[in-house]
Each structure stands twice: as structure tokens, then as C-alpha cells.
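# Residue-level structural notes
What follows is the residue order along each chain.
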Amino acid sequence: MSTEVEEKRVAKTGNEIVGEAMRQINPDTVCAYPITPQTDIVQNFSQYVADGEVDTEFVTVESEHSAMSACVGAAASGARAMTATAANGLALMWEVLYIASSTRLPIVMPVVNRALSAPINIHCDHSDAMGARDSGWIQLYGENAQEVYDNTIQAVRIAEHEDVRLPVMVNLDGFIISHAVENVNMMSDEAVQNFIGEYEPEFSLLNSEDPVTVGPLALQDFYFEFKKQQADAAENVADVVQEVGREYGERTGRSYGLFEEYRLDDAEVAVVALGSTTGTARHSVDKLRSEGVKAGLLKLRLFRPFPAREIAEALSGLEAVGVLDRADTFSTTGGPLFADIKSALYDVDPSVKPVNYIYGLGGRDIDEEEIASVYRELLEAADADRVESPVNYIGVRE
Amino acid sequence: MNLKDYARKEPRLSPGHRLCAGCAASTVARLIMSASENPAVVGCATGCLEVSTTIYPYTSWKDSFIHNAFENVAATISGVEAAYRSFRRQGKLDEDFDFIAFGGDGGTYDIGFQSLSGAIERGHDMVYVCYDNGAYMNTGIQRSSATPKGASTTTSPAGNEIPGKEQKRKEITDIVAAHGIEYAAQTAPWRPQDIIKKAEKAFAVQGPAFLNVLAPCPRGWRSENDKSIEISRVAADTCFWPLFEVEEGEWKLNYQPREKKPVTDWLEMQGRFDHLFQDENEHLLEDIQEQVDERWQMIKNRCGVEE
């Protein structure tokens, strides 16, 4: 594929490459607090600040609650504002996440996905981001360091788009992506700046000619209208994500959409998953295909807002679909991704049988064979009249 | 400028807000704003001042204003000030701004304490103003760590077994001063020139400065609407609310009553202390007087005031 920008190939961990992306974005402010496994992002960025490689005002806040609070203040002042967090840090931000999105502030935040306590655990699952799924933030997921780098840069454009103006979480799997070294293609600093462009906020607290009031009290007479406008902005996100993903592809050769389909066209059974597990699942698909099984994969990139119709159309015609959730809702009705996929299918093709597999909590590994066994169970479900066990746990001791 | 000149300045907190009659918070906010010489960004913690001055689609603030949540006004203004510094460094802005954070005692002494302490330690250039009305007045008079001992509030009600709030109040001005900042002061609206002078000093500081301002609340204190300023004066004359400042570590007393009045003079103006005047609670009045005396003596010692 032809590309417009020169790139260099580097060996970096996920955290290192996110730090590099942040350096290249050169945000006006970064207000952040360290937490495993996000720590290197903040540490590396501190070094860029100390070495004068960025113009960023770096605010070493005393908690994640203050990190997001300061991001709100900075973004309302017209700054390109970034932070990064994980797990309990994201949970501590919870109150202010809603304020950031409802105030329509285009903050970009890498989230290094990690299990929520208790028991305390530092390893990967998606319970942190899933806990924030209704916070009004856009959520992008990446399979590897390359995608996380690309997503971080695109997130700026998506967040600041005039039809969107919403904050974005760029999710990367803790340790699996954040701490593993991979080969990554990096754009030049100039190419990144050209891609993201100059940020021109509509309002700023720091415009004395036109003072603004941000965060007023809105009661029964106006609150609902604020919320409807927010919902309308969410409706615009999918188009903008695709538009930005296409343009990014024109420049780098790596195009992005809402999700990626792998051998899905003629598949009979498929798996839907997020993050690094999709890399493993791809191997399972290849292996099963070589055995004559018509297996496919849908790797979801944009989880919030949820592109329900597009996903259901892509899954339409399958016999059964296995939804891999790296988080539980404890609702007894399955994981968060499962609930969304099931409801999307109901509207488009109720003949597809959805089956949920909750896996990998607290960093428990999932391997190719375990995912292959999911496909085999899906083949059985396809032949059965009804799904006997809609919610299943894999890789756990009973 | 004298007080008349200040009074003639265009108010930066407009009338028409919906604070209660007799509420001192608006008096305090207006005086603070009158001491600012630059355009400002005003942050406000959730509370009476916030909900009453920015009811959408109206605002009483002439300057830019941001409300984020209850416990994070200091962190929010940290972010605003960080953006400002970044823009100045990048040459995108060349105007001076004042950054002001207002919080009630709940948003300052209690839930916002961590955010405040963090912002002070980081050295953001801001003036933090606590309007201390001694309870969570916005939610209906619940006790805070600023509530004086003995006060009856809706979560420390005077009952048959427990005579109001049992604990003494936290001294936030001392705690903030202990961060080693350039300027921290305590003041009250009965002396507007004291508020203005201290606000001017606070604005002159390059870094964080802190003002703790007594703000009588007729609803919560069960006092007369037209007595708020008078109550704040009696608070100083009884030495319940001394006016002092801590400038680069030096403590200075700004008001010494000619004749120190008994604290009961202050307590009896407020219905929230009524139960203390029942015979069986006499010992509490003695305790409260003793605490006020101890505190007054401590402040005099720190300020190097001879007897």
C-alpha cells in the first residue's frame, strides 16, 4: 500500500509507544498520577518534559480524581489535555469522567486495562474500562502496540471533531501490550502534528473578551436538553471514527474502521473479542480453517458508542457467535460485550445464537487451544435447538 | 483606594443571584473580586455560592467561571492554571489572569481537603477562598469539621443524650499555613477593608495563597438575617474568630478587641446554640470558653503579642 508519510520502525513496549505518541501529540497539559501498569507512560512523559522535548505543562496531581479534575479545568481553558490511568485509578476518576464527557471536553486518555480490586491484582482484564462504559467516553481498543499507537493519535482528531467533542479512552491490555516489546511503525513528529492539526476550541475560560460559565446548575428545565445533545454527539462518533481511520490509512497505509473482520465472510461460527486476545483468536481461526471448520473473528475496535447495527450486519448469517468478555457484570446474564452483541443481533438476525465466554480475569492467560474449544462448542450450539449454557467461564478452576 | 472607591467599582458578582437574604457568602465573594486587578477565572466547589450564582441559563459572574464537582475545585483550577502557563510559554497568550477558587467549609475542610493540599504543594498560582459558614448549608445544615463544638446541626442535632456537635472544629488556616505557603489568612466580613487588604496580598503572591473567611448563614445559624455582619464582629470580639495572617511563616494578629467578650455573647445570637443555655449544659459553655481561650492564647503566642 502506498503511504504519504515516512515512518521508522522501532522496538518499543506498548507503554513506551503510548508515551512516544503523547510526545508527538505535544499536548498543552498532561495531568496524571502513576498506577501499575500505566506507570511507564507517566515516567517516560516526565522525562520528555524534563528534557524540554514538549511544550506540555505537566501537573503531577495527588490522585486520579484530581488528574481528571485538572484535565477538565485545562480542557475547559482550551488546552489539548491528556492523562493516562488504569484500574482503580480509573474507578477513582468515575465521578469526573461523567463531568468531562457531559461538558463535551475532548480529553484523550490511554487506559492500561487492569483488573479492579478486590482481591487486588495488577494484571489485565477489562473490568476497569467496562465500569466506565456508560460514562459517555468513546472507547477504542487495540490488539497490539501498533494499534495502540495509531489509536492514540487518531483519538485526538476524533475527540476534537466538531460533530463529536467527547473524550476518548484508548485501551491497551495491561502487561500483555503495555509491557511487551513489539516492532512498531512510528510517524515522524511532523507527520503527527500535520495529522492532528492545530486545536481550535470553540470556547475557553482564558478568553477575557468572551468570558464563559462552564458547569452551571441545570435543573428540570434544561438538564434533559444537555443530555440529548450529548446523545446526538454520540450518534456522530462512528462516522467520524471511520473518516479519521480512512484518512490515517491514506497517510500511513494502516486504515481503521469500527471493527476488523477476519475470515468472517463465509464463516459459520465466529468469535467477537477486544484487545490482545484477538491476536490469539486469529491463530485459532487459521488452525480451525486448516481442519475444515468455517471459523471467523470480529475484532471490535470501537466499543463505545456501540456500533450495534454494523456489528450485527457483519455477524448476520452466522450459526453461532461466541462473545469473549474479559469482565463480568455479576448480573448473571453475562459480560458487558455479550449483552450488547446479543441485543444487536436480536434486531438484525435473531437466528444467530450468541454464547458468552468470560475469560482471563486478573490476567489469567488464554491460549489458542482454549479459544479453539470455544469454536467447537459453537459448532455444537449451532446444531442444537437452543443454547444450553449461554454464559460460560473458561480457564477457571471450579 | 479607600472603601468607598472599592464600593464604586463595577461588581464582578452581579446582583440577582439566588443566595438567601443575609447570607455573607456573596458579600465575601464580591469583596474578594473587587481586589482582583486582572481578568479572572473563578472556580467554585459545589455548594451554596455555586448553585445560587450559575443557574442555567443565567450567571452572576462577569469573569469566566467553572464548576466541576464538590471536592475538586483546587484540582480544577490547577488544570486551568496549567493550561494558562502552557499557553504563556508557547506564546499563545500574553494577558495576566487571576485564578480564584471558592469553596465552602465542606468543600475545603472535608471533602476537598486532599485536592486543596495537593494544589498548594504543587504551587499553582491561585487564591483559594474558603467561605466558612460552619456546616453543609447547601444540603440542609449538616455538620462539617468546621462546625463549632456544641452546635446543633441536622447530623449533630441536640438531643436528649447528645447536646449537639461533640468535637471541636478543625483549624484549617493553621493547616494550610503549615504547608509553608507564602500567604494564608483568616478574615471576616465585618471588616471589609481587612478582606480586601488580605485579598490584595493573596493576589500579589506568585503561587498559592489562602483566605479563610467567616460567612454567617442565617438559615444554619438560626440567626437574624440583618445580623450577619454583626455576628461576624462579635465572633472577633469574643476571640472565637481571630483575624490573623501568616506571611512567609510570620504570624501576625490583625485585630485585638479592647475588651475580650465572653463567648456566650456570640453563642446567644444563634439558635443553633440555644440548648447550651439550659442548666444541664452549663459545663459545655465552660468547655467552649476554655477552648476559645486556649486558641486565642496560642494565636497570640504565635503572633508574638504580649499580654
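Quick caveat, the model's predicted, so the values are computed rather than measured. (Residues numbered from 1 in each chain as written. Chains lettered and ligands numbered in written order. Predicted model: local features only at pLDDT ≥ 70, side-chain atom pairs only at ≥ 80, totals over all residues.)

### Observations regarding the overall build of chain A
Scanning chain A from terminus to terminus reveals 12 helices and 16 strands. Taken over C-alpha atoms, the radius of gyration comes to 21 Å for chain A, in line with the 21 Å a tight globule of 398 residues would show. Taking the principal axes of its C-alpha atoms as reference, chain A extends roughly 70 × 55 × 45 Å. Buried positions account for 57% of the 398 residues belonging to chain A. Sequence separation of at least 24 residues holds for 80% of the intrachain contacts in chain A that already meet a minimum separation of 6. (Helix = DSSP H or I, 4+ residues; strand = E, 2+ residues; numbered from the N terminus. Rg over C-alpha atoms; globule rule 2.2 N^0.38 Å. Buried ≥ 20, exposed ≤ 12 C-beta atoms within 10 Å, placed from the backbone. Contact = placed C-beta atoms within 7 Å.)

### Looking at the overall build of chain B
If you tally the helices and strands in chain B, you get 12 helices and 8 strands. In terms of overall size, chain B behaves like a compact globule, its C-alpha atoms giving a radius of gyration of 19 Å where 307 residues would be expected to give roughly 19 Å. Dimensions of chain B, computed from the C-alpha atoms along their principal axes, are close to 70 × 45 × 40 Å. Buried positions account for 54% of the 307 residues belonging to chain B. A fraction of 69% describes how many contacts in chain B between residues 6 or more apart in sequence connect residues 24 or more apart.

### Focus: unusual backbone geometry
With an omega dihedral of 0°, the bond running from A:T36 to A:P37 counts as a cis peptide bond. Along the chain, A:P37 turns up in the loop between β2 (29–31) and α2 (39–50). A positive phi angle is found at B:R222, which is not glycine, with a value near 55°. Here B:R222 lies in the loop between α9 (218–221) and α10 (228–237).

### Some points on the environment of A:L97
Residues and elements named next belong to chain A. Mapped onto the elements, L97 comes out in helix α4 (residues 87–102). Overall, the presence of 23 C-beta atoms within 10 Å leaves L97 in the buried class. When the C-alpha positions of L97 and D134 are compared, they lie 9.9 Å apart, and in sequence the two are 37 residues distant. Those residues in contact with L97 that lie beyond four places of it in its chain are M68, A132, S135 and W137.

### With respect to the nonpolar core
In terms of nonpolar packing, the biggest core is built from 225 residues, with A:C71, A:A270, A:V272 and B:V129 touching the most fellow members. Top contributing element to this core by residue count: helix α4 (residues 73–89) of chain B, with 9 residues. Those residues in contact with A:V272 that sit more than four places away from it in its chain are A:L298, A:L300, A:V321, A:V323, A:L324, A:L337 and A:I341. (Core = buried A, V, L, I, M, F, W, Y, C linked by C-beta atoms within 7 Å.)

### Points about the domain arrangement of chain A
Interface size is commonly expressed as the accessible area that is lost once the parts come together. Residue and element names in this part refer to chain A. Here chain A is described as being made up of domain 1 (7–252) and domain 2 (259–393). When each unit is reduced to the centre of its C-alpha atoms, the spacing between domain 1 and domain 2 is 28 Å. Of the residues assigned to the side of domain 1 that touches domain 2, the class counts are 14 nonpolar, 8 polar and 4 charged. (Domains from an automatic or database assignment. Nonpolar A, V, L, I, M, F, W, Y, C, P; charged D, E, K, R; others polar.)

### Remarks on the packing of α4(B) against helix α6 (residues 113–122) of chain B
All names here are of chain B. Two numbers describe how α4 lies on α6: the axes approach to 7 Å, and their chain directions differ by 35°. Between α4, through A74, A75 and S78, and α6, the contact on the second element is made entirely by S115, L116, G118, A119 and R122. In terms of residue class, the contact of α4 with α6 is made up of 4 nonpolar, 3 polar and 1 charged. (Axes fitted to C-alpha atoms, helices over the stretch in contact; angles between N-to-C directions.)

### Topic: the pairing of strand β8 (residues 250–253) of chain B
Taken residue by residue, a regular strand's side chains alternate between the two faces of the sheet. All names here are of chain B. For strand β7 (residues 244–247) and β8, the ladder comprises 4 bridges, and the chain directions are antiparallel. Across the sheet, V246 pairs through a bridge with W251, a residue of β8. Hairpin remark: β7 followed by β8, antiparallel, with 2 residues in the connecting loop; positive phi at E248, about 45°. (Pairing = 2+ DSSP bridges.)

### Topic: the sheet that holds strand β4 (residues 127–132) of chain B
Across a sheet, paired strands are connected by hydrogen bonds in the backbone, their directions being either parallel or antiparallel. Strand order across the open sheet formed by 9 strands is β9(A)-β2(B)-β1(B)-β3(B)-β4(B)-β6(B)-β5(B)-β7(B)-β8(B), with mixed pairing between neighbours. Edge strands, defined here as strands with exactly one partner in the open sheet, are β9 (213–214) of chain A together with β8 of chain B. Note that strand β1 (residues 40–44) of chain B and strand β3 (residues 98–104) of chain B share 5 bridges and pair parallel. Across the sheet, residue B:A40 finds its bridge partner in β3(B), namely B:D98.

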